[in-house]
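A look at the structure
Letter by letter, the chains look like this.
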Amino acid sequence: MPLFEKVLYSTDFSPLAEYAFQYVKRLKSAGMREVVIVHVVNELSVELPEGLDVMQETEAMDVLSRADREYLLNVIERARALEKDLKKEGVSVKLKIIAASNAAGQIVKVAEEEKVNVIVIGAHGKSLLTQLILGSVSLDVVRKARCPVLLVKKKD
């Protein structure tokens with residue numbers, strides 16, 4: 001079995017996440033066959049139940065405010081663009097857009113459920129002191145994940 005057969009790519013659609021996506025695409029040459037794209041929506045800012053996968057429960061959007069619904073539709077559109085890009089490369093893709101207050105915990109949970117070989121996530125490269133005080137999703141994923149985590153830091 002290839003080392004990177006199934007990859008979880010976590011994105012917040014930031015420029016850093018887009019940079020990390022370029023690394024995900026390069027893993028095809030290392031045997032990648034499937035990518036699980038995960039975006040965690042803070043369930044406190046968008047009124048959705050904790051753990052709800054918007055891609056599986058689209059009717060949940062019917063009860064949202066217009067602004068929240070537009071936000072989620074934009075997120076889905078951006079995720080579909082990533083999916084299309086990977087499918088052009090011959091890679092199978094699953095999309096998961098999940099409402100949760102703990103992004104790192106949700107990313108790790110999906111990684112375990114999907115039995116991925118590696119998690120790819122962007123890292124801002126803040127100082128250790130800043131990370132200890134403020135926390136970091138990528139650092140938290142590294143701490144909690146049971147599989148390897150590829151942290152992608154963009155060169156300044």
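Scoring rules and cut-offs
- Residues numbered from 1 in each chain as written.
- Predicted model: local features only at pLDDT ≥ 70, side-chain atom pairs only at ≥ 80, totals over all residues.
- Heavy atoms only, no water.
- Pairing = 2+ DSSP bridges.
- Helix = DSSP H or I, 4+ residues; strand = E, 2+ residues; numbered from the N terminus.
- Axes fitted to C-alpha atoms, helices over the stretch in contact; angles between N-to-C directions.
- Contact = heavy atoms within 4.5 Å.
- Core = buried A, V, L, I, M, F, W, Y, C linked by side-chain atoms within 4.5 Å.
- Buried < 20%, exposed > 50% of the residue type's maximum accessible area, 1.4 Å probe, protein only.
- Phe/Tyr/Trp six-rings, centres within 6.5 Å; stacked < 30°, edge-to-face > 60°.
- Lys NZ or Arg CZ within 6 Å of the ring centre and 35° of its normal.
- Parallel < 35°, antiparallel > 145°, perpendicular 65-115°, else oblique.
- Left-handed = near helix turned anticlockwise from the far one by under 90°.
- Nonpolar A, V, L, I, M, F, W, Y, C, P; charged D, E, K, R; others polar.

Here we take up the sheet that holds strand β5 (residues 149-152). Overall, parallel pairing links the five strands, which are arranged β3-β2-β1-β4-β5 in an open sheet. A single partner strand is all that each edge strand has here, and the edge strands are β3 (92-99) and β5. Within the sheet, the average angular offset between the axes of one strand and its neighbour, ignoring direction, is 20°. Bridge count for strand β2 (residues 34-41) against β3 is eight bridges, and the pairing is parallel. Opposite V38, over in β3, you have K96 as the bridge partner.

Looking now at the environment of D85. By the element assignment, D85 lies in helix α2 (residues 66-88). When the C-alpha positions of D85 and Q56 are compared, they lie 21 Å apart, and in sequence the two are 29 residues distant. With residues near it in sequence (within four places) discarded, D85 still touches F21 and K25.

Here we come to the nonpolar core. Core analysis: the biggest nonpolar cluster contains 34 residues, and Y9, V35 and L48 have the highest contact counts within it. Mapped by element, the contributors of at least two residues to this core are β1 (6-10), α1 (15-26), β2, α2, β3 and β4 (118-122). Of all the elements, α2 adds the most residues to this core, at six residues. With 17 residues, the next largest nonpolar core counts V38, V108, I119 and C147 among its residues.

Moving on: the packing of aromatic side chains. Applying the stated criterion to the full structure yields two aromatic pairs. Both rings, one in Y9 and one in F21, keep their centres 5.4 Å apart while their planes meet at 50°; by these two values the pair is tilted. Of this pair, Y9 sits in strand β1 while F21 sits in helix α1, and the two are twelve residues apart along the sequence. Taking the ring centre of Y23 as reference, the NZ or CZ of R26 above it sits at 4.8 Å.

Following both chains from N to C, one finds helix α3 (residues 103-114) and helix α5 (residues 137-144) inclined at 45°, their axes separated by 8 Å at the closest point. Considering the angle they form, α3 stands oblique to α5. Handedness of the α3/α5 crossing: right-handed. Where α3 abuts α5, its residues A103, A104, G105, I107 and V108 lie against V137, D140, V141 and K144. In terms of residue class, the contact of α3 with α5 is made up of six nonpolar, one polar and two charged.

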